[in-house]
Amino acid sequence: MTNRQTPLRGVLFIGAHPDDETVMAGGTLAMLHQRGISTFIACATDGRGGESGGVPEVQTLTDLARLRQRELTCAADALGAASVTLFGYEDPVIGPDETLYGFAADENVFVDQIADLIRLKDVDVVLSHGTDGEYGHPAHIQVNRAVRRAVREHTPDVLFYSIAARVPGVEDRIWNVSDPAHFALDISPWFDAKHAAMICHRTQYELFKRRRKLKTVGEAVRTLESFHRHWPDTSGALPDDAFAALLLAAGASSPPR
Ligand SMILES: [Zn+2]
């Protein structure tokens, strides 16, 4: 178990789609890299079911999957991540009225894959989606559930923090209502790296802007990133571990819960 005196070996972000790493944790990943901590990114699906953003070279779902893989690699470079792992699950196409779907996976297999990756990368912290899948995305909820199981059943010495934890007094459609933030970090000092990573996700520009009626990708960069520790259970106390210490040293606050 990491305590606050033990330096972190590494942090693994596990997202459902290419761009989740950047939108919800890009500033924090850049901060960790700047402080010499190894970061790794994993992505459950190939992103083929998302929007193509009118990018002309995308003619087929396979084209989109390939391009989004390159966009993710570009973003990982911008954030200083040491590697990108693609689990390669097929991302279901968004339905009518923007209906979102989970992906077809045997949960036991997916849980084993996650545990194997945690061991392979030798990390002590996992970051992933929240209980409510942020804005309720079924694939995000699916990843949250699998990561929880992987950590609890296979790698219990690892810390699991979720992203987009609810910060009282701040409105954001991505907050997980069930996960009160233990820490909220103003990522302004790492804005440029996060912005560069957002710029990598060319197929998603329109989506980034449309949801909040913004004009530029720069305006779509969230400057507040927040985290809730799921594992080990905090029993209501404020976490006191090496990741918490790093966040606090980077200027994070602990919102009232
Ligand atoms: Zn996503």
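So, how was this worked out
Residues numbered from 1 in each chain as written. Predicted model: local features only at pLDDT ≥ 70, side-chain atom pairs only at ≥ 80, totals over all residues. Heavy atoms only, no water. Disulfide = S-S within 2.5 Å. Helix = DSSP H or I, 4+ residues; strand = E, 2+ residues; numbered from the N terminus. Phe/Tyr/Trp six-rings, centres within 6.5 Å; stacked < 30°, edge-to-face > 60°. Buried < 20%, exposed > 50% of the residue type's maximum accessible area, 1.4 Å probe, protein only. Salt bridge = Lys/Arg side-chain N within 4 Å of Asp/Glu carboxyl O. Axes fitted to C-alpha atoms, helices over the stretch in contact; angles between N-to-C directions. Parallel < 35°, antiparallel > 145°, perpendicular 65-115°, else oblique. Contact = heavy atoms within 4.5 Å. Nonpolar A, V, L, I, M, F, W, Y, C, P; charged D, E, K, R; others polar. Pairing = 2+ DSSP bridges. Polar contact = N/O pair within 3.5 Å; in protein donor to acceptor, adjacent residues only side chain to side chain. 1 Å grid on protein atoms, 1.4 Å probe; cavity = no way out; pocket = protein on both sides within 12 Å on 5 of 7 lines; lining within 4 Å. Points joined across faces, edges and corners; volume = space filled by probe spheres on them. Donors = N, O, S within 2.8 Å, 3.2 Å for Na, K, Ca; no water. Tetrahedral: all angles 85-135°; square planar, octahedral: opposite > 155°, others 65-115°.

## Quick look at the state of the cysteines
Applying the stated criterion across every chain, the model contains one disulfide. Across the disulfide from C74 sits C200; the S-S distance is 2.0 Å. When the S-S torsion is -60°, as for the bridge of C74 with C200, the disulfide is left-handed. Of this pair, C74 sits in helix α2 (residues 61–79) while C200 sits in helix α6 (residues 191–200), and the two are 126 residues apart along the sequence.

## As for the packing of aromatic side chains
All told, the structure shown has seven aromatic pairs when counted by the stated rule. Ring geometry for Y89 versus F110: centroids 5.4 Å apart, planes at 80°, classification edge-to-face. Within this pair, whereas Y89 is found in strand β3 (residues 83–89), its partner F110 is found in helix α3 (residues 107–121), the two being separated by 21 residues in sequence. Considered together, Y89 and F110 belong to a single accessibility category, that of buried residues. Grouping aromatic residues by their ring pairs yields a cluster made of F87, Y89, F103 and F110.

## Details of the pattern of salt bridges
Scanning all chains against the criterion turns up 16 salt bridges. Between K194 and E225 there is a salt bridge, with its nearest N and O atoms 2.7 Å apart. With K194 in helix α6 and E225 in strand β9 (residues 224–231), this pair connects stretches of sequence that are 31 residues apart. Given a relative accessible area of 1%, E225 falls into the buried group. Here the salt bridges do not stand alone but share partners, grouping E107, R145, R149, R152 and E153 into one network.

## Quick look at the packing of α2 against α6
In contact at an axis separation of 8 Å, α2 and α6 are set at 170° when each is read in the N-to-C sense. What the angle tells us is that α2 and α6 run roughly antiparallel. Contact residues: E71, C74, A75, A78 and L79 in α2; A193, K194, A196, A197 and C200 in α6. Of the residues that constitute the contact of α2 with α6, the class distribution is eight nonpolar, no polar and two charged.

## Quick word on the sheet that holds strand β8 (residues 183–186)
One open sheet accounts for seven strands, arranged β3-β2-β1-β4-β5-β9-β8; its pairing is mixed. Each edge of the open sheet carries a strand with a single partner, namely β3 and β8. Taken over all neighbouring pairs, the strand axes of this sheet differ in orientation by 25° on average, direction set aside. Sheet topology note: the strand β1 (residues 10–15)/strand β2 (residues 38–45) ladder contains six bridges and is parallel. Each bridged residue has a counterpart across the sheet, and for L12 the counterpart in β2 is F40. Packed on one face of the sheet, helix α1 (residues 20–34) meets β1, β2, β4 (125–128), β5 (159–163), β8 and β9 and runs near 90° to β9. Along the sheet, α2 makes contact with β2 and β3, crossing β3 at roughly 155°.

## Focus: the side chain of S128
Take S128: it is sitting in strand β4. Take S128: its relative accessible area is 0%, and that puts it in the buried class. Reaching out from S128, the side chain makes a polar contact with the backbone oxygen of I14 at a distance of 2.7 Å. Those residues in contact with S128 that sit more than four places away from it in its chain are I14, V143, V147, F160, Y161, S162 and I163.

## Things to note about empty space enclosed by the protein
Overall, the coordinates contain two cavities of 30 Å³ or more when judged by the stated rule. When its volume is computed, the largest cavity comes out at roughly 420 Å³. Surrounding the largest cavity, 27 residues form its lining, D19, Y135, Q204, L207 and R211 being those nearest its centre. Elements with a minimum of two residues in the lining of the largest cavity: α1 and α7 (205–210). For the lining of the largest cavity, the element with the most residues is α1, which contributes three residues.

## As for the coordination of the zinc ion
Protein coordination at the zinc ion: the donors are H17 (ND1), D20 (OD), D20 (OD) and H140 (NE2), at 2.1 to 2.3 Å from the metal. Bound by four donor atoms, the zinc ion shows angles of 56 to 143° at the metal and therefore irregular coordination geometry. We note that the donor set of the zinc ion lies within a single chain, spaced as H-x2-D-x119-H. By the burial criterion, H17 is buried, and D20 matches it.

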